[in-house]
Amino acid sequence: MSKIIVLMGAPGAGKGTQARLLQERLNLPQVSTGDMFRALKEAHTPLAAEVRALMAAGQLVPDDVTIRVVRERTAQPDCRNGYILDGFPRTPAQAAMLEKLAAEQGKQIQAIEIQVPLELLAKRMVGRRNCPVCGEIYNIYGKPPRFDNVCDFHPEAQLLQRADDNANTVQARLTTYEEQTRPLLDYYKAAGLLHVVDGTGESEAIYNDIVATVSAHG
Ligand code: ADP
């Protein structure tokens, strides 16, 4: 049966980095609600303005909007053989919707938690930079580019910092995670669908653990 790989973990745990690596290996698309909302917030619509304000405050986009976006994206032909969810679900209502969607699509959910202690997360987020051309993710503390502030693959491109990776918003995002998203780990654990990997090491080691976990569980 085709799979829905759900990457779980706090903001800054490395879900986006791992999803980018996994999509090539598994030949499944990465479906990132954060990336979709970052694209959406650039539009000149009332919804875009609402999303922009919520993201800047470290709060979640409402469930009805998020669910609609995921439903539409995963109905695309490239998701037919499965997909990798990065940043969804984040609330119990979203998890319930995903269960229904998986049943409708005839897919099996496999949740993987990338576990990182709380005290490491804020530094990781504040240090995060990405290339505006290829999306490569760097970290000025953990994984710096070869030359200061430019992409290894696109030397013409200055790296960018996400608007919500500032100290204030980071704290709000961590609180939102603790209150609304962490309880989902128990839900997946109780359903026997959760696998945990240590997210504190090098991204390649974490990637290898995730690949081993995915292969070991059919
Ligand atoms: P991170 O996991 O590092 O916080 P994301 O890129 O996944 O970053 O998310 C950025 C922001 O986008 C969130 O703080 C939230 O406002 C919004 N968002 C992303 N995914 C969801 C979701 N599933 N439900 C509601 N809001 C979301």
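Everything below is about the structure shown above.
Notes on the structure in this doc start here. (Residues numbered from 1 in each chain as written. Predicted model: local features only at pLDDT ≥ 70, side-chain atom pairs only at ≥ 80, totals over all residues. Heavy atoms only, no water.)

### What about the site of the ligand?
- Close contacts around the ligand come from 20 residues, with Thr-33, Arg-38, Gln-59, Gly-87 and Arg-173 the closest.
- In this structure, Lys-15 approaches the ligand through a side-chain N or O atom, which is 3.0 Å from an oxygen atom.
- One of the side-chain N or O atoms of Arg-128 is found 3.3 Å from an oxygen atom in the ligand.
- Top contributing element to the shell around the ligand by residue count: helix H2 (residues 33-40), with four residues.
- For the shell around the ligand, a count of residues per class yields six nonpolar, seven polar and seven charged. (Near = heavy atom within 4 Å. Polar contact = N/O pair within 3.5 Å; in protein donor to acceptor, adjacent residues only side chain to side chain. Helix = DSSP H or I, 4+ residues; strand = E, 2+ residues; numbered from the N terminus. Nonpolar A, V, L, I, M, F, W, Y, C, P; charged D, E, K, R; others polar.)

### Some thoughts on the packing of H2 against helix H4 (residues 63-74)
- Running from N to C, H2 and H4 cross one another at 105°; their axes reach a closest spacing of 11 Å. For the element pair H2 / H4, the angle class is roughly perpendicular. Taking contact as the criterion, the partners of Thr-33, Met-36 and Phe-37 in H2 are, on H4, Val-65, Thr-66, Val-69, Val-70 and Arg-73.
- For the contact of H2 with H4, a count of residues per class yields five nonpolar, two polar and one charged. (Axes fitted to C-alpha atoms, helices over the stretch in contact; angles between N-to-C directions. Parallel < 35°, antiparallel > 145°, perpendicular 65-115°, else oblique. Contact = heavy atoms within 4.5 Å.)

### Here we look at the side chain of Arg-129
- The topology assignment puts Arg-129 in strand S5 (residues 128-130).
- For the buried Arg-129, no salt bridge exists, and the shortest N-O distance to an oppositely charged side chain is 6.6 Å, to Asp-165.
- A polar contact of 3.0 Å, which involves the side chain of Arg-129, links it to the backbone oxygen of Val-126.
- Once you skip the residues sitting within four places of it in the chain, Arg-129 turns out to touch Glu-136, Ile-137, Tyr-138, Ile-140, Asn-149, Leu-159, Leu-160 and Gln-161. (Buried < 20%, exposed > 50% of the residue type's maximum accessible area, 1.4 Å probe, protein only. Lys, Arg positive; Asp, Glu negative; His and termini not counted. Salt bridge = Lys/Arg side-chain N within 4 Å of Asp/Glu carboxyl O.)

### Some words on the layout of surface pockets
- The volume enclosed by the second largest pocket comes to roughly 270 Å³.
- In terms of lining, the second largest pocket is formed by Thr-17, Arg-20, Leu-21, Gln-23, Glu-24, Gln-30, Glu-136, Ile-137, Lys-143, Ser-203, Glu-204 and Tyr-207.
- Counting only elements with at least two residues in the lining of the second largest pocket, the list comes to helix H1 (15-26) and helix H9 (203-216).
- The element best represented in the lining of the second largest pocket is H1, accounting for five residues. (1 Å grid on protein atoms, 1.4 Å probe; cavity = no way out; pocket = protein on both sides within 12 Å on 5 of 7 lines; lining within 4 Å. Points joined across faces, edges and corners; volume = space filled by probe spheres on them.)

### Quick notes on empty space enclosed by the protein
- In the structure shown here, the tally under the stated rule is one cavity of 30 Å³ or more.
- Along its surface, the largest cavity is lined by Leu-7, Met-8, Gly-9, Ala-10, Pro-11, Lys-15, Gly-87, Phe-88, Pro-89, Arg-90, Tyr-177 and Thr-181.
- At the level of elements, strand S1 (3-8) and helix H7 (167-181) are the ones that each hand at least two residues to the lining of the largest cavity.

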